[in-house]
Amino acid sequence: SREVTTVFLLMIYLGRAQQESNMMFADINRCKYFAARVMRQPANPATKQKYTAICRPVEVDLSNPRVRVYR
């Protein structure tokens, strides 16, 4: 049986390029904490691009064993 709920996906960008990320959080404040920490990283030395991170609400099926939600 499906157990669908809304969680917050941490989306990370280097410049305008979206980076691979599958970190999902049950609480938006926890997600925003990590987003803020990512954005405090220094710019990429090779490209001088900065990291940007946002938290996007997404629906996931918690009964799927591949879905991991941080609390």
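Thresholds applied
- Residues numbered from 1 in each chain as written.
- Predicted model: local features only at pLDDT ≥ 70, side-chain atom pairs only at ≥ 80, totals over all residues.
- Heavy atoms only, no water.
- Helix = DSSP H or I, 4+ residues; strand = E, 2+ residues; numbered from the N terminus.
- Buried < 20%, exposed > 50% of the residue type's maximum accessible area, 1.4 Å probe, protein only.
- Pairing = 2+ DSSP bridges.
- Salt bridge = Lys/Arg side-chain N within 4 Å of Asp/Glu carboxyl O.

Engineer: Residue-level account of unusual backbone geometry, with values.
Structural biologist: Outside of glycine, negative phi angles account for most residues, and trans bonds account for most peptide bonds. For Lys48, which is not glycine, the phi torsion reads 65° and is therefore positive. Here Lys48 is to be found in the loop between α1 (28-39) and β4 (51-61). Taking relative accessible area as the criterion, Lys48 reaches 63% and is therefore assigned exposed.

Engineer: Tell me what's going on with the pairing of strand β1 (residues 4-14), and back it up with residues and numbers.
Structural biologist: Two strands pair when backbone bridges link them, and β1 and β4 are joined in this way by 11 bridges, in the antiparallel orientation. Residue pairing for β4: Met11 is matched across the bridge by Ile54. Examined bridge by bridge, β1 and strand β3 (residues 24-25) share 2 bridges and lie antiparallel to one another. Across the sheet, the residue bridging to Phe8 is Phe25, located in β3. By the bridge criterion, 2 bridges tie β1 to strand β2 (residues 17-18) in an arrangement that is antiparallel. The residue of β2 that forms the bridge with Leu14 is Ala17. Connecting β1 to the antiparallel partner β2 that follows it, the hairpin turn spans 2 residues, and Gly15 within it adopts a positive phi of roughly 65°.

Engineer: Describe in detail the pattern of salt bridges, supporting the description with residues and values.
Structural biologist: Inspection of the entire model under this criterion finds 1 salt bridge. For Asp61, the salt bridge goes to Arg2, with nearest N and O atoms at 3.8 Å. Of this pair, Asp61 sits in strand β4 while Arg2 sits in the segment before β1; the two residues are 59 residues apart in sequence, bridging distant segments of the chain. On the accessibility criterion, Asp61 (17% relative accessible area) is buried. Looking at Arg2, the relative accessible area reads 65%, which means it is exposed.

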